Amino acid sequence: SQKIEQNSEALNIQEGKTATLTCNYTNYSPAYLQWYRQDPGRGPVFLLLIRENEKEKRKERLKVTFDTTLKQSLFHITASQPADSATYLCALEKTGSARQLTFGSGTQLTVLP
Amino acid sequence: DSGVTQTPKHLITATGQRVTLRCSPRSGDLSVYWYQQSLDQGLQFLIQYYNGEERAKGNILERFSAQQFPDLHSELNLSSLELGDSALYFCASSVASAGVGTEAFFGQGTRLTVV
């Protein structure tokens, strides 16, 4: 069955370090992969989108990689700040007749001051 | 503010009842998605509409139904409610349908509590 897995439910890092979050998927051939941020009790907020033919995408302190051979995406936050503490979700878009946007369960990131 | 409006914000109802959740998408967005988020689960995709037509269906229970109206707002109807239906229900919208590389904008959610 199709599955999206994000590394450990919770990740704690020290302020100023780089946080690396992992998204692995099985039995999918997504055309696009997205990352969202979700704060408690609020709706997810879009961060970055990467296409299957792109290896890497950057936006300010954020970097996303997409390896369709490994079926994995890595999400990096450099120079992390306590304000980056949130749950980060990866989402896959399928094309074709079963188009939908499917989310992983998320990784809760805490940046310690 | 994402531009997606969901009402009501909170809803408390008894088991066996029926409720309707409403979503107004961002201006210009044709796609509407509904998701359910329980405490112990991630965002579960329920259903997607594009310009009034059902486009994709996820693990939506038969007791649940949805529709998108000509003015593009959408309603999610939940009937014969059970305790396990208590969750946050999110609506999201996007310009195009999923599958073409389009970001989704989420509302603030409706917190449903079934007692």
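This is a predicted model, so every value here is computed, not measured. (Residues numbered from 1 in each chain as written. Chains lettered and ligands numbered in written order. Predicted model: local features only at pLDDT ≥ 70, side-chain atom pairs only at ≥ 80, totals over all residues. Heavy atoms only, no water.)

### Brief notes about the state of the cysteines
Residues and elements named next belong to chain B.
Then, number 1: Under the definition given, this model contains two disulfides over all chains.
Then, number 2: Shown here is the disulfide that connects Cys23 with Cys91, its sulfur atoms set 1.8 Å apart. Residues Cys23 and Cys91 are joined through a disulfide that is left-handed, its torsion about the S-S bond being -55°. Highlighted residues: Cys23 in strand β3 (residues 19–24) and Cys91 in strand β9 (residues 87–94), separated in sequence by 68 residues. (Disulfide = S-S within 2.5 Å. Helix = DSSP H or I, 4+ residues; strand = E, 2+ residues; numbered from the N terminus.)

### A word on the pairing of strand β9 (residues 86–94) of chain A
Put simply, side chains in a regular strand alternate between the two faces of the sheet.
All names here are of chain A.
Then, number 1: Most of β9 is tucked away, with eight of its nine residues classed as buried.
Then, number 2: Strand direction decides the pairing type here: β9 and strand β10 (residues 100–103), joined by four bridges, are antiparallel. Its bridge partner being in β10, Leu92 is matched across the sheet by Thr102. (Buried < 20%, exposed > 50% of the residue type's maximum accessible area, 1.4 Å probe, protein only. Pairing = 2+ DSSP bridges.)

### As for the side chain of Ser31 of chain B
All names here are of chain B.
Then, number 1: Of note, Ser31 is situated in strand β4 (residues 31–37).
Then, number 2: Within polar-contact distance, the side chain of Ser31 engages the side chain of Gln48 at 3.2 Å.
Then, number 3: When residues no more than four places from it in sequence are discounted, the contact partners of Ser31 are Gln48, Tyr49, Tyr50, Ala92, Ser93, Ser94, Val95, Ala96 and Ser97. (Polar contact = N/O pair within 3.5 Å; in protein donor to acceptor, adjacent residues only side chain to side chain. Contact = heavy atoms within 4.5 Å.)

### What about the pairing of strand β3 (residues 19–26) of chain A?
All names here are of chain A.
Then, number 1: Here four bridges tie strand β1 (residues 3–6) to β3, and the two strands are oriented antiparallel to one another. When the sheet's bridge partners are listed, Gln6 is paired in β3 with Cys23.
Then, number 2: One ladder, built from six bridges, connects β3 with strand β8 (residues 72–77); its direction is antiparallel. Within the sheet, the bridge partner assigned to Thr22 lies in β8 and is Leu74.

### Focus: unusual backbone geometry
Then, number 1: For the peptide bond that leads from Thr7 of chain B to Pro8 of chain B, omega is -10°, which places it in the cis range.
Then, number 2: Along the chain, Pro8 of chain B turns up in the loop between β1 (5–7) and β2 (10–13).
Then, number 3: Phi angles above zero are rare outside glycine, and Glu60 of chain A is one such case at about 55°.
Then, number 4: Within the secondary structure layout, Glu60 of chain A lies in the loop between β6 (56–59) and β7 (62–67).
Then, number 5: The exposure class assigned to Glu60 of chain A is exposed, which follows from its relative accessible area of 79%.
Then, number 6: Non-glycine residue Ser80 of chain B carries a positive phi angle of around 45°.
Then, number 7: Among the structural elements, Ser80 of chain B can be located in the loop between β8 (74–78) and β9.

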